[in-house]
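Each chain, written out:
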Amino acid sequence: MDCRSVREFADAFIAEQLLVETTQQVVRHLETCEECRTEFATRRLLRDRLRTAFGRAVELEPRPDFAAQLAASLRPPQNLSRRSVLRSWWALAAGVAVAAGGGEFLREARSRSRLTALARQAAGDHQNCAVKFNLAERPISLGVAARRYGGPYAALASFVPPPVGSSIEVAERHSCVYDGVRFGHIVLRDQGALVSLLVTKGAGPAAPQLESADREYAIASLRAAGFVAFVVGSMDAARVLRLAQAFADPLSRQLA
Ligand SMILES: [Zn+2]
Ligand SMILES: [Zn+2]
(Lines give C-alpha, C1' and ligand atoms only; values in the text may rest on other atoms or scores of the structure.)
(Ligands and ions follow the chains in the order given, each with its own letter.)
Protein backbone atom coordinates (compact mmCIF):
# COMPACT_ATOMS: atom_id res chain seq x y z
CA MET A 1 0.00 0.00 0.00
CA ASP A 2 1.28 3.47 -0.78
CA CYS A 3 0.99 6.53 1.45
CA ARG A 4 -2.05 7.86 -0.36
CA SER A 5 -4.20 4.74 -0.03
CA VAL A 6 -3.04 4.23 3.56
CA ARG A 7 -4.19 7.75 4.43
CA GLU A 8 -7.54 7.20 2.79
CA PHE A 9 -8.07 4.43 5.34
CA ALA A 10 -6.88 6.54 8.28
CA ASP A 11 -10.23 7.45 9.81
CA ALA A 12 -11.71 3.98 9.39
CA PHE A 13 -8.50 2.51 10.83
CA ILE A 14 -8.61 4.74 13.88
CA ALA A 15 -12.28 3.90 14.37
CA GLU A 16 -11.35 0.18 14.08
CA GLN A 17 -13.77 -0.37 11.22
CA LEU A 18 -11.42 -1.98 8.72
CA LEU A 19 -11.26 -5.65 7.85
CA VAL A 20 -8.44 -7.62 9.45
CA GLU A 21 -6.43 -7.88 6.20
CA THR A 22 -6.64 -4.17 5.50
CA THR A 23 -5.73 -3.37 9.11
CA GLN A 24 -2.64 -5.54 8.79
CA GLN A 25 -1.63 -3.90 5.50
CA VAL A 26 -1.99 -0.49 7.10
CA VAL A 27 0.06 -1.56 10.13
CA ARG A 28 2.79 -2.93 7.85
CA HIS A 29 2.96 0.40 6.06
CA LEU A 30 3.00 2.36 9.32
CA GLU A 31 5.90 0.26 10.56
CA THR A 32 8.06 1.56 7.74
CA CYS A 33 6.65 5.04 7.10
CA GLU A 34 7.24 7.64 9.76
CA GLU A 35 5.27 10.32 7.93
CA CYS A 36 2.08 8.29 7.85
CA ARG A 37 2.65 7.28 11.47
CA THR A 38 2.76 10.94 12.46
CA GLU A 39 -0.28 11.70 10.34
CA PHE A 40 -2.27 8.87 11.96
CA ALA A 41 -1.18 9.80 15.47
CA THR A 42 -2.20 13.40 14.87
CA ARG A 43 -5.60 12.44 13.56
CA ARG A 44 -6.24 10.15 16.49
CA LEU A 45 -5.20 12.79 18.98
CA LEU A 46 -7.57 15.29 17.38
CA ARG A 47 -10.37 12.77 17.40
CA ASP A 48 -9.80 12.03 21.11
CA ARG A 49 -9.76 15.75 21.92
CA LEU A 50 -12.95 16.35 20.00
CA ARG A 51 -14.60 13.48 21.81
CA THR A 52 -13.55 14.80 25.19
CA ALA A 53 -14.72 18.28 24.28
CA PHE A 54 -18.01 16.92 23.01
CA GLY A 55 -18.51 14.84 26.19
CA ARG A 56 -17.92 17.94 28.28
CA ALA A 57 -20.28 19.98 26.15
CA VAL A 58 -23.03 17.40 26.72
CA GLU A 59 -22.40 17.46 30.47
CA LEU A 60 -22.59 21.21 30.55
CA GLU A 61 -25.56 21.55 28.26
CA PRO A 62 -28.36 21.96 30.83
CA ARG A 63 -26.58 24.89 32.43
CA PRO A 64 -27.90 28.18 31.07
CA ASP A 65 -24.49 29.84 31.25
CA PHE A 66 -22.94 27.19 29.02
CA ALA A 67 -23.52 29.07 25.78
CA ALA A 68 -22.00 32.19 27.28
CA GLN A 69 -18.97 30.21 28.52
CA LEU A 70 -18.49 28.60 25.15
CA ALA A 71 -18.73 31.91 23.34
CA ALA A 72 -16.17 33.41 25.72
CA SER A 73 -13.77 30.52 25.33
CA LEU A 74 -13.99 30.65 21.54
CA ARG A 75 -13.45 34.41 21.39
CA PRO A 76 -9.92 35.02 20.16
CA PRO A 77 -7.73 36.87 22.64
CA GLN A 78 -7.18 40.53 21.67
CA ASN A 79 -5.29 40.88 18.42
CA LEU A 80 -5.32 37.30 17.24
CA SER A 81 -7.74 36.23 14.57
CA ARG A 82 -9.78 33.14 15.26
CA ARG A 83 -8.05 31.48 12.35
CA SER A 84 -4.59 31.99 13.81
CA VAL A 85 -5.76 30.67 17.18
CA LEU A 86 -7.05 27.57 15.46
CA ARG A 87 -3.89 27.24 13.44
CA SER A 88 -1.69 27.34 16.52
CA TRP A 89 -3.98 24.87 18.25
CA TRP A 90 -3.55 22.45 15.35
CA ALA A 91 0.18 22.96 15.34
CA LEU A 92 0.29 22.30 19.07
CA ALA A 93 -1.78 19.13 18.71
CA ALA A 94 0.45 17.91 15.90
CA GLY A 95 3.57 18.69 17.91
CA VAL A 96 2.31 16.75 20.91
CA ALA A 97 1.42 13.86 18.66
CA VAL A 98 4.86 13.78 17.10
CA ALA A 99 6.60 13.98 20.46
CA ALA A 100 4.53 11.46 22.34
CA GLY A 101 2.10 9.71 20.06
CA GLY A 102 4.07 8.14 17.21
CA GLY A 103 5.72 5.15 18.85
CA GLU A 104 2.96 4.50 21.32
CA PHE A 105 0.35 4.76 18.61
CA LEU A 106 2.16 2.17 16.52
CA ARG A 107 2.52 -0.18 19.47
CA GLU A 108 -1.19 0.09 20.19
CA ALA A 109 -2.07 -0.39 16.54
CA ARG A 110 0.08 -3.53 16.41
CA SER A 111 -1.39 -5.10 19.53
CA ARG A 112 -4.89 -4.06 18.42
CA SER A 113 -4.35 -5.77 15.08
CA ARG A 114 -3.03 -8.93 16.81
CA LEU A 115 -6.09 -9.02 19.07
CA THR A 116 -8.45 -8.60 16.11
CA ALA A 117 -6.75 -11.43 14.22
CA LEU A 118 -6.89 -13.70 17.30
CA ALA A 119 -10.57 -12.88 17.79
CA ARG A 120 -11.25 -14.03 14.26
CA GLN A 121 -9.33 -17.25 14.87
CA ALA A 122 -11.33 -17.80 18.06
CA ALA A 123 -14.54 -17.42 16.04
CA GLY A 124 -13.19 -19.91 13.50
CA ASP A 125 -12.40 -22.35 16.27
CA HIS A 126 -15.89 -22.00 17.74
CA GLN A 127 -17.45 -22.62 14.34
CA ASN A 128 -15.23 -25.51 13.29
CA CYS A 129 -14.73 -27.19 16.65
CA ALA A 130 -17.80 -26.58 18.82
CA VAL A 131 -20.42 -26.27 16.10
CA LYS A 132 -19.22 -28.42 13.18
CA PHE A 133 -16.59 -30.81 14.63
CA ASN A 134 -14.54 -30.01 11.59
CA LEU A 135 -10.95 -29.45 12.79
CA ALA A 136 -7.88 -30.66 10.89
CA GLU A 137 -6.27 -31.90 14.12
CA ARG A 138 -8.19 -33.79 16.78
CA PRO A 139 -8.62 -31.97 20.10
CA ILE A 140 -6.61 -33.33 23.03
CA SER A 141 -7.54 -33.38 26.69
CA LEU A 142 -6.59 -30.43 28.86
CA GLY A 143 -4.40 -32.77 30.96
CA VAL A 144 -2.38 -33.88 27.92
CA ALA A 145 -2.13 -30.28 26.71
CA ALA A 146 -0.88 -29.17 30.14
CA ARG A 147 1.87 -31.86 30.10
CA ARG A 148 2.94 -31.00 26.56
CA TYR A 149 2.60 -27.25 26.53
CA GLY A 150 2.22 -26.01 30.12
CA GLY A 151 0.21 -22.82 29.71
CA PRO A 152 -3.31 -22.33 31.02
CA TYR A 153 -4.61 -25.82 30.25
CA ALA A 154 -4.38 -27.55 33.65
CA ALA A 155 -6.20 -24.72 35.41
CA LEU A 156 -8.96 -24.69 32.79
CA ALA A 157 -9.83 -28.30 33.60
CA SER A 158 -11.45 -27.20 36.85
CA PHE A 159 -12.81 -23.78 35.91
CA VAL A 160 -16.48 -23.49 36.90
CA PRO A 161 -18.30 -20.75 34.97
CA PRO A 162 -20.40 -18.62 37.34
CA PRO A 163 -24.15 -18.35 36.67
CA VAL A 164 -24.97 -15.20 34.70
CA GLY A 165 -28.67 -14.59 35.27
CA SER A 166 -29.22 -18.30 34.66
CA SER A 167 -26.84 -21.22 35.15
CA ILE A 168 -24.31 -22.09 32.48
CA GLU A 169 -23.57 -25.72 31.67
CA VAL A 170 -20.20 -27.09 30.62
CA ALA A 171 -20.71 -29.34 27.58
CA GLU A 172 -17.06 -30.14 26.82
CA ARG A 173 -13.48 -29.14 27.64
CA HIS A 174 -10.33 -29.79 25.67
CA SER A 175 -7.47 -28.13 23.86
CA CYS A 176 -7.70 -27.67 20.10
CA VAL A 177 -5.85 -25.92 17.29
CA TYR A 178 -7.40 -23.66 14.70
CA ASP A 179 -5.45 -21.79 12.04
CA GLY A 180 -2.19 -22.49 13.87
CA VAL A 181 -3.41 -21.17 17.24
CA ARG A 182 -3.74 -23.54 20.20
CA PHE A 183 -6.65 -22.78 22.49
CA GLY A 184 -7.90 -24.09 25.79
CA HIS A 185 -11.53 -24.59 24.87
CA ILE A 186 -14.55 -24.87 27.14
CA VAL A 187 -17.82 -25.38 25.26
CA LEU A 188 -20.75 -24.01 27.24
CA ARG A 189 -24.49 -24.04 26.98
CA ASP A 190 -26.12 -20.74 27.85
CA GLN A 191 -29.93 -20.73 27.69
CA GLY A 192 -29.77 -23.47 25.06
CA ALA A 193 -27.15 -21.75 22.89
CA LEU A 194 -23.62 -23.05 22.28
CA VAL A 195 -20.96 -20.68 23.52
CA SER A 196 -17.20 -21.09 23.44
CA LEU A 197 -14.78 -19.84 26.04
CA LEU A 198 -11.36 -19.93 24.38
CA VAL A 199 -8.08 -19.15 26.13
CA THR A 200 -4.72 -18.69 24.46
CA LYS A 201 -1.39 -16.90 24.76
CA GLY A 202 -1.54 -13.19 24.17
CA ALA A 203 -2.41 -9.86 25.70
CA GLY A 204 -6.07 -9.18 26.41
CA PRO A 205 -7.72 -5.76 26.67
CA ALA A 206 -7.77 -3.86 29.97
CA ALA A 207 -11.52 -4.50 30.30
CA PRO A 208 -13.71 -7.04 28.46
CA GLN A 209 -14.76 -5.64 25.08
CA LEU A 210 -16.64 -6.65 21.97
CA GLU A 211 -14.60 -7.40 18.86
CA SER A 212 -16.10 -6.83 15.45
CA ALA A 213 -14.10 -9.43 13.59
CA ASP A 214 -16.89 -11.71 12.49
CA ARG A 215 -20.41 -11.20 11.20
CA GLU A 216 -21.86 -14.54 12.17
CA TYR A 217 -20.81 -14.59 15.81
CA ALA A 218 -20.46 -12.04 18.53
CA ILE A 219 -17.00 -12.16 20.03
CA ALA A 220 -15.86 -10.58 23.28
CA SER A 221 -12.23 -10.48 24.35
CA LEU A 222 -11.04 -10.39 27.94
CA ARG A 223 -7.80 -10.55 29.86
CA ALA A 224 -7.36 -13.63 32.07
CA ALA A 225 -4.21 -13.46 34.22
CA GLY A 226 -1.39 -13.48 31.63
CA PHE A 227 -3.60 -14.84 28.85
CA VAL A 228 -6.22 -13.60 26.46
CA ALA A 229 -9.66 -15.22 26.37
CA PHE A 230 -12.60 -14.95 24.01
CA VAL A 231 -16.30 -15.63 24.45
CA VAL A 232 -17.87 -16.54 21.11
CA GLY A 233 -21.54 -17.24 20.45
CA SER A 234 -24.35 -16.59 18.03
CA MET A 235 -26.50 -14.91 20.69
CA ASP A 236 -26.81 -11.16 20.75
CA ALA A 237 -23.65 -9.21 21.38
CA ALA A 238 -24.85 -7.75 24.70
CA ARG A 239 -25.20 -11.25 26.17
CA VAL A 240 -21.77 -12.31 24.89
CA LEU A 241 -20.19 -9.22 26.44
CA ARG A 242 -22.05 -9.85 29.69
CA LEU A 243 -20.67 -13.40 29.87
CA ALA A 244 -17.15 -12.08 29.22
CA GLN A 245 -17.57 -9.54 32.03
CA ALA A 246 -18.85 -12.20 34.40
CA PHE A 247 -16.01 -14.62 33.53
CA ALA A 248 -13.15 -12.12 33.68
CA ASP A 249 -12.47 -12.15 37.44
CA PRO A 250 -13.07 -15.83 38.25
CA LEU A 251 -11.07 -16.87 35.18
CA SER A 252 -8.18 -14.58 36.11
CA ARG A 253 -8.12 -16.05 39.63
CA GLN A 254 -8.24 -19.57 38.19
CA LEU A 255 -5.34 -18.98 35.80
CA ALA A 256 -3.18 -16.88 38.12
ZN1 LIG B 1 3.37 6.45 4.13
ZN1 LIG C 1 -12.17 -26.92 20.54
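Here's what I pulled together on the structure shown here. (Residues numbered from 1 in each chain as written. Chains lettered and ligands numbered in written order. Predicted model: local features only at pLDDT ≥ 70, side-chain atom pairs only at ≥ 80, totals over all residues. Heavy atoms only, no water.)

Things to note about the coordination of the zinc ion (ligand 1)
Here is step 1 of the chain: Taken together, Cys3 (SG), His29 (NE2), Cys33 (SG) and Cys36 (SG) make up the full set of protein donors to the zinc ion (ligand 1), lying 2.1 to 2.3 Å away.
Here is step 2 of the chain: If you look at the zinc ion (ligand 1), its four donor atoms make angles of 102 to 114 degrees with each other, and the shape they trace is tetrahedral.
Here is step 3 of the chain: For the zinc ion (ligand 1), the single-chain donor residues occur in sequence as C-x25-H-x3-C-x2-C. As far as burial versus exposure is concerned, His29 and Cys36 are alike and both buried. (Donors = N, O, S within 2.8 Å, 3.2 Å for Na, K, Ca; no water. Tetrahedral: all angles 85-135°; square planar, octahedral: opposite > 155°, others 65-115°. Buried < 20%, exposed > 50% of the residue type's maximum accessible area, 1.4 Å probe, protein only.)

With respect to the side chain of Glu211
Here is step 1 of the chain: By the element assignment, Glu211 lies in strand β4 (residues 209-211).
Here is step 2 of the chain: Glu211 gets classed as buried once you look at its relative accessible area, which sits at 6%.
Here is step 3 of the chain: Within the structure, Glu211 has its side chain in polar contact with the side chain of Arg112 (distance 2.6 Å).
Here is step 4 of the chain: When near neighbours in sequence (up to four residues on either side) are disregarded, Glu211 contacts Arg112, Leu115, Thr116, Ala119, Ile219, Ala220 and Ser221. (Helix = DSSP H or I, 4+ residues; strand = E, 2+ residues; numbered from the N terminus. Polar contact = N/O pair within 3.5 Å; in protein donor to acceptor, adjacent residues only side chain to side chain. Contact = heavy atoms within 4.5 Å.)

Topic: the nonpolar core
Here is step 1 of the chain: Core analysis: the biggest nonpolar cluster contains 30 residues, and Leu197, Val231, Leu243, Phe247 and Leu251 have the highest contact counts within it.
Here is step 2 of the chain: Here this core gets seven residues from one element, more than from any other, and that element is helix α9 (residues 237-255).
Here is step 3 of the chain: With residues up to four places along the chain from it excluded, the contact list for Leu197 reads Phe159, Gly184, His185, Ile186, Leu188, Ala229, Phe230, Val231, Phe247 and Leu251.
Here is step 4 of the chain: In this structure, Ala10, Phe13, Leu18 and Leu106 belong to the second largest nonpolar core, which totals 15 residues. (Core = buried A, V, L, I, M, F, W, Y, C linked by side-chain atoms within 4.5 Å.)

Details of the coordination of the zinc ion (ligand 2)
Here is step 1 of the chain: Coordination of the zinc ion (ligand 2) by the protein is provided by Cys129 (SG), His174 (NE2), Cys176 (SG) and His185 (ND1), with metal-donor distances spanning 2.0 to 2.2 Å.
Here is step 2 of the chain: Considering all four donor atoms around the zinc ion (ligand 2), the spread of angles at the metal, 95 to 121 degrees, places the coordination shape in the tetrahedral class.
Here is step 3 of the chain: In the primary sequence, the donor residues of the zinc ion (ligand 2) line up as C-x44-H-x1-C-x8-H. Highlighted residues: Cys129 in helix α6 (residues 82-131) and Cys176 in strand β1 (residues 168-178), separated in sequence by 47 residues.
Here is step 4 of the chain: For Cys129, a relative accessible area of 4% corresponds to the buried category.
Here is step 5 of the chain: Overall, Cys176 belongs to the buried group, its relative accessible area being 1%.

Fair warning: the whole summary comes from geometry, so function is off the table for now.
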